[in-house]
There are 2 protein chains.
Amino acid sequence: MDLIKTVRTVKIIAALTKPPKVAEDHADIIKPQTVSFHKDAANSINIDFANQPTNPEHREHTAPINETSLYLAATYVIDAKYNRNFQFKTDLRSLRLYHLYNQRILSWMLYFFVILNLLLAMFEKPAIPGWEIPYWGTMLLEVACMCYYTFRLVHNYSFSSERLWWKDAKHLVVIGIIALTILDMIIYIFVAQFAGAHVAVRGSRVLRPLLLINFPEMRLLRQAVRNIRRTLPEIINVLILLFMIIALFALLGRELFKYDGLNYINGDDGYFLDYFKNVWDLYVLVTTANSPDIMMPAYDENPWYMLFFIIFVMLCNYIFIGIFLAVIYKNYRMHLKNEVQRSVFMKRRKLAKAWDIVKVWKDNCFVLPWKRFCILLQQVEPKRSLSQIRLIWRVLDEDSDDFVSKREFLKVVDLLNVELLEIKDQQPFFQRWMPTCFNSKLSTIVRTIVKHRGFRWTFDTIIIINAILIGLDIDEAEWFFLSIFTVEILLRMYAIGFKAYFRNPWDLFDFTVITAAWVASIFEVIAEKKEFTEYTLDFLLVLRVLRLVRIPANLERFQVIIATLSNIGPAIVTFGGVIFVIYYVFAIIGMELYAGLFDYYGYEDDPVFLPFCGNKKLEGSDFYRDHYCNNNFNDVVKAFIVLFELTVVNQWHVISEGFVIITNAAARVYFIFFHMTVVIVIINIFIAFVLEIFMVEFSLSQSVHESALKKKIQELGLLATEEDDPGYISKPVVEDAVTIVDAMEEAEPKDTGLRFRLGERTRTVTVSLQNMFEGEIDAEYMGPEDADENNPNIEAQPDTLTLHSVA
Amino acid sequence: MDLIKTVRTVKIIAALTKPPKVAEDHADIIKPQTVSFHKDAANSINIDFANQPTNPEHREHTAPINETSLYLAATYVIDAKYNRNFQFKTDLRSLRLYHLYNQRILSWMLYFFVILNLLLAMFEKPAIPGWEIPYWGTMLLEVACMCYYTFRLVHNYSFSSERLWWKDAKHLVVIGIIALTILDMIIYIFVAQFAGAHVAVRGSRVLRPLLLINFPEMRLLRQAVRNIRRTLPEIINVLILLFMIIALFALLGRELFKYDGLNYINGDDGYFLDYFKNVWDLYVLVTTANSPDIMMPAYDENPWYMLFFIIFVMLCNYIFIGIFLAVIYKNYRMHLKNEVQRSVFMKRRKLAKAWDIVKVWKDNCFVLPWKRFCILLQQVEPKRSLSQIRLIWRVLDEDSDDFVSKREFLKVVDLLNVELLEIKDQQPFFQRWMPTCFNSKLSTIVRTIVKHRGFRWTFDTIIIINAILIGLDIDEAEWFFLSIFTVEILLRMYAIGFKAYFRNPWDLFDFTVITAAWVASIFEVIAEKKEFTEYTLDFLLVLRVLRLVRIPANLERFQVIIATLSNIGPAIVTFGGVIFVIYYVFAIIGMELYAGLFDYYGYEDDPVFLPFCGNKKLEGSDFYRDHYCNNNFNDVVKAFIVLFELTVVNQWHVISEGFVIITNAAARVYFIFFHMTVVIVIINIFIAFVLEIFMVEFSLSQSVHESALKKKIQELGLLATEEDDPGYISKPVVEDAVTIVDAMEEAEPKDTGLRFRLGERTRTVTVSLQNMFEGEIDAEYMGPEDADENNPNIEAQPDTLTLHSVA
């Protein structure tokens, strides 16, 4: 790539985005004054700190802070906070370009283009019926995507060291995909022009999902893929053993049944005589999909023949599947731990670099004084109030000597990740705007009632009654229920305020459902198309029944399970990503291979009816008999649905037999391969992940850092009375709700009315995983020396940090 | 129960069994001289130990050993060794009765009667066709079983303290079962006589498997059942949530599809209109058995309807099944740990009691001198040689001061459980009987070749060739292969000796297969019924292919998996027991409910053919269409096979629909209940167990005690040269093979030719589990005070020792 051109591009970008935005997310808030304040403050600190080290070497370490170095330190802290792992040059221009690169808008545009690129499959041939766009249309869109990818790469290159950039496999893969895609498009155009569109193949479409795991933004997804890749070798050992057993039993079965002359259940003769058919049947039996059909002929002949199948099933289904899960769980857990520790080391190294910039020499060791800390944190998070920064300082400063050591400083990012709410902001809307009315006697009674658990129980009961009436198909009371639920919502909003109301996911859910029901009901009244609206309304009314889900969430006995479910949430996004990548690849291949072979034309009574899914070969097959015509690869949505059905496993052999009948036995390879990839590997890894999250949920009910913060708040202040807490008095919130006298100025303690509360637990997967394994590493250990954080390939080195020895 | 009668019974037993047999298993070896030797030795020790404590309290502790107290101490050690947990009175008569009670022959008779009792179901109505015995016949056998159970109870009572015996729930349950069975038999006889045998029901048969878990001999099985019982409460929480979601989706589905007027795939109308049918269908969908059939009508109508099913399947099949496994794994692991720690505590308390008897006061603390130890161990294990006892002593005596402390003594049982072979006994047969010939040059060359790995590889290759020929149906070379394999076996026997040969499970397997093939081949030659013998021979020849399994066992990469498989072995016996109990209960209930409703009469071409399994109601059902007539409860074997098919899950809804059509919808309760019990609970627990064993296999490749012993042997002696080891030089054996100069008399070290080797790892589940969790307990901790080992109900107290706080 041409360096001069790159630099020019960068200059243009820089010109477009002046003044440089310094902190992601909060860029809009940093006023020029703020920046100058930082500069002044930095200078003032350099002067005010009298205790300079006498040893010149140490003095050298206590470097004066200027704007650039402060900016650099803040960048390291921000990177550590967001778990970013970029290498960048440390001059001011590169830093600004780097901050620009991390602008959320640019990332979102990347997501947009990646998704657009993937969605093109819906419009390309074979498209969803009626959605087809001529190929030049989809290609233009694809070229737009490629342009944006190129722009991101160039931007990334602009702040990176040239040597390291070219060593990073991610960049090379993206460049490769762009090149191959463009080549493929050119070839397609030529073939389509000269040989006709029906012979042209867009092979590069298979590569599209690879972009998902090769852009640095998709860190979690890439981690998951890497974990899976590393778990594979041992799985393959088990698979080999499994296939050896299948091969053996296929032989045993043939010898066992060969003199009986039995027929299959569907009437085919030659039961268990064909070796390779036996292998296939036994593999299907491992998935249980043809049980007990495959056994019945033998069983009908002689009950003792069942021993053959019982031994096989016990060995393969229970023991081997158990070992599969065990191998996957063990390996996945090990690699996960490895991965998490690596990112902890990464975080610590970033923070150590920031530390080296801001540290000062005092009493024979390096420390960080309050003022430098305050300036750094204001640069990192301009939105955070001074009192919050002071609170974080107090938590970090464990020995209360008003200096923070390196060990203490390394924890700053974990505290920044704990959500801290100032209760002042949490006052109900009405309390702030009509305090007299809000604090009147009547209003207080109403609020007390609404906050009482009896209020919730009453409405839970009403929801149950409503559900029962819906179940009995009694619609008469619908308007009554709709009104009463609306009143509930309004009362709740009044009592706890809009902000708190919409922060609570359950309330938000209630609100959405009831609003939707209102919209539907009103629509029904004014619209004429009775049937359509009744349909919509009924469905929305039923959605209200989903509020029943709220009830178990309130019961103590379900807490751990619900907590696991909500912790699984973010993980599902990651796994969903992995599964999507695999589905997409298989869907594209499936469409290229099997699109248009047959289609759904209804069954008998339909006017468009064509027998055998429009393909003579399916005559008499189980596939047609079971009405599976719609399970085809005629467009990307249908392909995904077929793959979903294959993932559920049941009847997958019938579906694959359909394709085998129409094409040839090689189709089985596609289906077996899909089964092994998704069902054996991915699903087991998912189960392993659920297992791990669940085990962690038991050992860690609250993160270490959250509890440290909470403890400090308690030490400094007073425990909250329920009055202080405007929210629903549900148990977990009460526990977290603590107030403090603003202890900023310890000399003159006075109640400034500032109160803190820990936010609802907003732990991401990354944070909870780090908590999981961080306890096992020494607090200052930076990881082995050879894992150099300046090496962008750190993630591509597969075995540098293995924990074989540790685990 | 009448005490006088009991005592009289006991006297009779005592009279019958004089002289009293003192140590289980080895009773036949203890000659009168041995007993008198013990007595003399005990006396001599009492005299020879000059260093009596001066403090009278301490002197009291150093009690002289007489025959009874030595016998009592040995009993405690034996109990600790076999993990027994009986309470018994400590007088000599009770002790002798107790030893008699633990005679293996009496336990075997108990197993025999329990199995006989269970097998009666094959002969009772509905019996296996042709196996029926008149009811008085089976009842006589059952009465015999009851008599033996009563005898065991009385015997147990005779050495127990009366108060504690009646507190033990196990005894009460057995008494209850005996009483109920006899009552049930009497009622049955009356009903059968006066109302006819067809209305009489033997309800007490359901109780039979409960005996399996209520006799003290079945400790492991009872432990497993208890673990499962304790895991249930949390599983039930998850089940409740699951059913709430199903109930919700059943409602949503009805509202969603009610205006579409769709038909089911089999043509029934009213798709998703009946709420309770929806619940059933969705439950079946959770088991995946009706996927994708249940979705197809909705999918054909509108692809977006699939979202309903996709969300449901993702939620219930993947997330909930994951949580099920997680809950079970977590709980099972916790309870297992709890259980194992409890039995460790039990073991230690037994040993502590033995210690209190044999300890002596020396230098201000209690110790055990060599002579007392030696006498005690000879009493415990008369078969063990003095040199082995000396070796154990040296391992125990860590600080080599020739006295064993209490802490050291507590480990004695673990060392007794490590198999220790004296290599002298392991010399090949021919070496001992024809040493000249065996050690001749030619013979040495042959032996070297046989032991070389190339020899094994050659025969592995021949096995593969043989397997391929069998696969290609080429029978001509069978005699050649048979001969060559026989030569292999003979050579191996010659080289390593008969004893070593038959100790190796792989060799034993080879031997069995080849011998069977020979028998079959000879039978074929002399017999005339060509077809039958060909059939048998072919099958046996194919069984030889099973030798292929040996190949992966020799490859390094499969070691952990193979080790797990072999460790799972004993666990499967326990789980098999649990599953058998549940199967038996369900089979008996199923037979009472559904026996004789329909039967298998062949399909179309058969001469005995009756349409619809002989039951008109099955006309047009999937059950009949799928040829499931043989899946009935007409005898206990068929019932077990149906339950097996239900365990595999696939098509279980079709099987249960068959019974619903013939009887009524209540049949679903039986099948759902079976599914929840076996598939959701037991199978998941089994998978959890496999998981745990696998995780343990990684962390513990050898038990702590084995390696301690090995280290000591190495310290004392010399590492074995390969010459010393007559066995196959396979890697694990080489590692374990060490020889020692007999170091009994350290003053005059001379090579007495005695060499030790650790036996092949014969770890039982109990031992490996104890190793697993024992590391977490302090070496001398006896467990919480309230878990009194004199309390026979210790196992019945569910929450005394919970590790909620520890785990």
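Residues numbered from 1 in each chain as written. Chains lettered and ligands numbered in written order. Predicted model: local features only at pLDDT ≥ 70, side-chain atom pairs only at ≥ 80, totals over all residues. Heavy atoms only, no water.

## Concerning the pattern of salt bridges
The final tally for this structure, using the stated rule, is 53 salt bridges over all chains. A salt bridge links R208 of chain B to E142 of chain B; its shortest N-O distance comes to 3.0 Å. Here R208 of chain B is found in helix α10 (residues 208-214), whereas its partner E142 of chain B is found in helix α7 (residues 135-158), with 66 residues between them in sequence. Connected through salt bridges with shared partners, the residues E124, E142, D184, R202, R205, R208 and E592 of chain A form a single ionic network. (Salt bridge = Lys/Arg side-chain N within 4 Å of Asp/Glu carboxyl O. Helix = DSSP H or I, 4+ residues; strand = E, 2+ residues; numbered from the N terminus.)

## Focus on a nonpolar patch on the surface
All names here are of chain A. Where nonpolar side chains cluster on the molecular surface, the patch consists of F429, W433, M434, F498, F502 and L508 and spans about 560 Å² of accessible area. Among the elements of the structure, α19 (429-433) and α24 (498-503) are those that each provide at least two residues to the nonpolar patch. Of note, F498 is situated in helix α24. By relative accessible area, which is 30% here, F498 ends up partly exposed. (Patch = residues over 30% accessible without salt bridge, like charges linked within 9 Å, V, L, I, M, F, W, Y side chains within 5 Å. Areas by Shrake-Rupley, 256 points an atom, 1.4 Å probe, with all protein chains shown as cover. Buried < 20%, exposed > 50% of the residue type's maximum accessible area, 1.4 Å probe, protein only.)

## Here we look at the sheet that holds strand β2 (residues 365-369) of chain A
All names here are of chain A. The antiparallel open sheet is built from three strands, whose spatial order is β1-β2-β3. Sheet topology places β1 (360-362) and β3 (403-404) at the edges, where each strand pairs with a single neighbour. With three bridges connecting them, β1 and β2 associate as antiparallel partners. Among the inter-strand pairings, K362 is bridged to a residue of β2, identified as C365. Against the sheet, helix α14 (residues 306-358) makes contact with β1, β2 and β3, and its axis sits at roughly 90 degrees relative to β2, the strand it touches most. (Pairing = 2+ DSSP bridges. Contact = heavy atoms within 4.5 Å. Axes fitted to C-alpha atoms, helices over the stretch in contact; angles between N-to-C directions.)

## A word on the interface of chain B and chain A
Contact residues are listed per partner, giving 87 residues for chain B and 87 residues for chain A. Together chain B and chain A conceal approximately 8,800 Å² of surface at their shared face, both sides included; 72% is due to carbon and sulfur atoms. Where chain B touches chain A, the interface holds zero salt bridges. Inspection of the region where chain B meets chain A yields 18 residue pairs in polar contact (both at pLDDT 80 or more). Contributions of two or more residues to the side of chain B that touches chain A are made by α11 (219-257), α13 (296-301), α14 (306-358), α22 (453-471), α26 (530-545), α28 (559-594), α30 (636-648) and α32 (667-699) of chain B. Counting residues per element, the side of chain B that touches chain A draws most heavily on α14 of chain B, at 14 residues. (Buried area = accessible area lost by both parts, 1.4 Å probe. Polar contact = N/O pair within 3.5 Å; in protein donor to acceptor, adjacent residues only side chain to side chain.)

## Looking at the state of the cysteines
All names here are of chain A. If you walk through the whole model with that rule in mind, you get two disulfides over all chains. The disulfide partner of C613 is C629, and the gap between their sulfur atoms is 1.9 Å. Where C613 bonds to C629 through sulfur, the torsion about that S-S bond is close to -70 degrees, and the disulfide is left-handed. One end of the pair, C613, is in the loop between α28 (559-594) and α29 (622-625); the other, C629, is in the loop between α29 and α30 (636-648), with 16 residues separating them in the sequence. For the pair formed by C613 and C629, the shared burial category is buried. (Disulfide = S-S within 2.5 Å.)

## Describing the sheet that holds strand β1 (residues 360-362) of chain B
Residue and element names in this part refer to chain B. Read from one edge to the other, the open sheet built from three strands follows the order β1-β2-β3, with strand pairing classed as antiparallel. Where the open sheet ends on each side, the last strands, each with one partner, are β1 and β3 (403-404). Packed on one face of the sheet, helix α15 (residues 370-380) meets β1 and β2 (365-369) and runs near 60 degrees to β2.

## Some details on the relation of the copies chain B and chain A
Take chain B, turn it by 180 degrees, move it 0.0 Å along the axis, and it overlays chain A with an RMSD of 0.1 Å. Both chain copies can therefore be described as sitting about a two-fold axis. Taking C-alpha positions as the reference, the residue of chain B nearest the rotation axis is N650 of chain B, at 3.7 Å. (Least-squares fit on C-alpha atoms with pLDDT ≥ 70 in both.)

## Focus on the packing of helix α11 (residues 219-257) of chain A against helix α12 (residues 275-286) of chain A
Residues and elements named next belong to chain A. Between α11 and α12, the least distance of the axes is 9 Å, while the angle of their chain directions is 125 degrees. Judged by the angle between their axes, α11 and α12 are oblique. In this structure, the crossing between α11 and α12 has a hand that is right-handed. Facing L242, F243, I246, A247, F249, A250, L251 and R254 of α11, the residues of α12 in contact are Y275, N278, V279, L282, Y283 and V286. (Parallel < 35°, antiparallel > 145°, perpendicular 65-115°, else oblique. Left-handed = near helix turned anticlockwise from the far one by under 90°.)

## Focus on the environment of R394 of chain B
Residue position: R394 of chain B is located in helix α16 (residues 386-396). C-alpha separation for the pair R394 of chain B and R456 of chain B, spaced 62 residues apart in sequence, amounts to 39 Å.

## Thoughts on the packing of aromatic side chains
Under the defined criterion, the tally for this structure stands at 134 aromatic pairs over all chains. Aromatic pair F580 of chain A and Y584 of chain A: ring centres 5.7 Å apart, planes at 40 degrees, arrangement tilted. Pair noted here: F580 of chain A and Y584 of chain A are both in helix α28, with a separation of four residues, about one helical turn. When the ring of Y275 of chain B is compared with that of F276 of chain B, the centres are 5.3 Å apart and the planes differ by 85 degrees; the resulting orientation is edge-to-face. In this structure, K277 of chain B is placed above the aromatic ring of Y264 of chain B, and the distance from its NZ or CZ to the ring centre is 4.8 Å. Stacked on the ring of F366 of chain B, the Lys or Arg K359 of chain B has its end atom at 4.2 Å from the ring centre. (Phe/Tyr/Trp six-rings, centres within 6.5 Å; stacked < 30°, edge-to-face > 60°. Lys NZ or Arg CZ within 6 Å of the ring centre and 35° of its normal.)

## So, helix α4 (residues 67-81) of chain A
All names here are of chain A. Taking 1.5 Å per residue, 15 residues should reach 21 Å; α4 reaches 21 Å between its end C-alpha atoms and fits that length. Among the 15 residues of α4, 13 are classified as buried, and the element is accordingly described as predominantly covered. Once α4 ends, the next one or two residues include N83, with phi positive near 55 degrees. (Expected span 1.5 Å × (residues − 1).)

## Observations regarding the side chain of T181 of chain B
Following the sequence through the fold, T181 of chain B ends up in helix α9 (residues 169-195). In contact with T181 of chain B, not counting residues within four places along its chain, are E142, M146, R202 and S204 of chain B.

## Quick notes on the packing of α11 of chain B against α14 of chain B
Residues and elements named next belong to chain B. Taken N-terminus to C-terminus, the directions of α11 and α14 make an angle of 165 degrees; their axes are 9 Å apart at the nearest point. When the axis of α11 is compared with that of α14, the two are roughly antiparallel. Pair α11 / α14 crosses with right-handed handedness.

## Description of the environment of H627 of chain A
Here H627 of chain A is to be found in the loop between α29 and α30. Judged by relative accessible area, which is 22%, H627 of chain A ranks as partly exposed. The spatial distance from the C-alpha of H627 of chain A to the C-alpha of Y600 of chain A is 9.0 Å, given a sequence separation of 27 residues. Not counting residues within four places of it along the chain, the set of residues in contact with H627 of chain A comprises Y603 of chain A together with I265, M296 and D300 of chain B.

## So, the side chain of R254 of chain B
Looking at the element boundaries, R254 of chain B is found in helix α11. Relative accessible area serves as the criterion here: at 6%, R254 of chain B is assigned to the buried category. Among the polar contacts listed, one links the side chain of R254 of chain B to the backbone oxygen of G471 of chain A, at a separation of 2.8 Å. A polar side-chain atom of R254 of chain B sits 3.1 Å from a polar atom in the side chain of E255 of chain B.

Keep in mind these values describe shape, not function.
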